[in-house]
Amino acid sequence: MSVLPLVFTSGWASGVNAYAVVLLLGVFGATGLSDDVPETLQRPEVLVMAGVLFLCEAVADKIPYVDSAWDSVHTVIRPVAGAWVGALLAGQSGSLSEVAAGLIGGSTALASHAVKAGTRMAVNTSPEPFSNVILSLAEDLGVGGVVAFAMFHPEAAAVMAGVLLLAGLLTLFFLISRIRRFRRRRARRREEKRLGKPAAGGRSVSGGR
């Protein structure tokens, strides 16, 4: 059986939460639930590091603006992780070139990362913090569920990942205008603060004479 569906699914999931993907795949392999997981992902040090970083992301991902800063740092990390996991899976299976698997996993991770990061920037324009927590939990559960499902039904999981990726890209397209408006307002507030300009509708001290 071709490993391509699993590579695609793991790539999509890595763009959302790369540490969860490494941790889940490693656990599935270490516990003997799957023979498709490379030994590299099952190593104790890899599992421990992935678990610690997963906990760090679980916290940072639920704090407004901290989540966007975290996403910025992971713009390179997530696609690289997707490519790395894809290449490892292809090497374990032998049914797909490692280079091709790396390209598929990395590009898919980059696309899903763009959706995640862009969506978070739009959500951060909301004054309440609860939407961040809800969205983060939904992402964690979604990644966990799809990756676990992919271990037993890789083709169906790949279809689910594709649908989620497409839906995310369409949603991001509609959110771009909101992100741009938020950036313009923030830039205008910074400029007004720098120039000491009063807020709209207000009066300066010199203007009252």
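Residues numbered from 1 in each chain as written. Predicted model: local features only at pLDDT ≥ 70, side-chain atom pairs only at ≥ 80, totals over all residues. Heavy atoms only, no water.

### Remarks on the pattern of salt bridges
Under the criterion given, the structure shown has 10 salt bridges. Notably, a salt bridge pairs Arg-120 with Asp-67, separated by 3.0 Å at the nearest N-O pair. Residue Arg-120 is found in helix 5 (residues 98-123), and its partner Asp-67 is found in helix 4 (residues 66-93); the two are separated by 53 residues along the sequence. Just as Arg-120 is buried, Asp-67 falls in that class too. Among the ionic pairs, Arg-120 bridges to Glu-139, the shortest N-O distance being 3.0 Å. (Salt bridge = Lys/Arg side-chain N within 4 Å of Asp/Glu carboxyl O. Helix = DSSP H or I, 4+ residues; strand = E, 2+ residues; numbered from the N terminus. Buried < 20%, exposed > 50% of the residue type's maximum accessible area, 1.4 Å probe, protein only.)

### Here we look at the layout of surface pockets
When its volume is computed, the largest pocket comes out at roughly 330 Å³. At the level of elements, helix 1 (4-30), helix 5, helix 6 (130-150) and helix 7 (154-195) are the ones that each hand at least two residues to the lining of the largest pocket. When grouped by side-chain class, the residues that make up the lining of the largest pocket number 9 nonpolar, 5 polar and 2 charged. Quantified by volume, the second largest pocket comes out at close to 180 Å³. (1 Å grid on protein atoms, 1.4 Å probe; cavity = no way out; pocket = protein on both sides within 12 Å on 5 of 7 lines; lining within 4 Å. Points joined across faces, edges and corners; volume = space filled by probe spheres on them. Nonpolar A, V, L, I, M, F, W, Y, C, P; charged D, E, K, R; others polar.)

### Description of the packing of aromatic side chains
Going through the model one piece at a time under the given rule, you end up with 2 aromatic pairs. Look at Phe-28 and Phe-152: their rings are 6.0 Å apart centre to centre, the planes differ by 70°, and that puts the pair in the edge-to-face class. Of this pair, Phe-28 sits in helix 1 while Phe-152 sits in the loop between helix 6 and helix 7, placing them 124 residues apart in sequence. Plain terms: the ring middles of Phe-173 and Phe-174 are 5.6 Å apart, the flat faces sit at 80° to each other, and that makes the pair edge-to-face. Phe-174 gets classed as exposed once you look at its relative accessible area, which sits at 64%. (Phe/Tyr/Trp six-rings, centres within 6.5 Å; stacked < 30°, edge-to-face > 60°.)

### Details of the nonpolar core
With 28 residues, the main nonpolar core has Trp-12, Leu-25 and Val-143 as its most contacted residues. Where this core is concerned, the elements lending two or more residues are helix 1, helix 3 (44-60), helix 4, helix 6 and helix 7. The dominant element in this core, judged by the number of residues it contributes, is helix 1, at 10 residues. Non-local contacts of Val-143, meaning those with residues more than four positions away in its chain, are made with Trp-12, Ala-13, Val-16, Asn-17, Ala-20, Val-21 and Leu-24. (Core = buried A, V, L, I, M, F, W, Y, C linked by side-chain atoms within 4.5 Å. Contact = heavy atoms within 4.5 Å.)

### Focus on the environment of Arg-180
In this structure, Arg-180 sits in helix 7. The spacing of Arg-180 and Met-121 is 59 residues in sequence and 9.9 Å in space, taken between C-alpha atoms.

### Some details on the packing of helix 3 against helix 4
Viewed as axis vectors pointing N to C, helix 3 and helix 4 meet at an angle of 140°, and their least axial separation amounts to 9 Å. With respect to helix 4, the axis of helix 3 lies oblique. Here helix 3 contributes Leu-53, Cys-56, Glu-57 and Ala-60 to the contact with helix 4, which in turn contributes Val-66, Asp-67, Trp-70, His-74 and Arg-78. For the contact of helix 3 with helix 4, the class distribution of residues is 5 nonpolar, 1 polar and 3 charged. (Axes fitted to C-alpha atoms, helices over the stretch in contact; angles between N-to-C directions. Parallel < 35°, antiparallel > 145°, perpendicular 65-115°, else oblique.)

### Examining the packing of helix 5 against helix 6
Relative orientation of the contacting elements helix 5 and helix 6 amounts to 160°, with a least axis distance of 10 Å. Taken together, helix 5 and helix 6 sit at an angle that is classed as roughly antiparallel. For the pair helix 5 and helix 6, the sense of crossing is right-handed. Of the residues in helix 6, those in contact with Lys-116, Thr-119, Arg-120 and Val-123 of helix 5 are Ser-131, Asn-132, Leu-135, Ser-136 and Glu-139. (Left-handed = near helix turned anticlockwise from the far one by under 90°.)

Worth remembering: the numbers are spatial, not functional.
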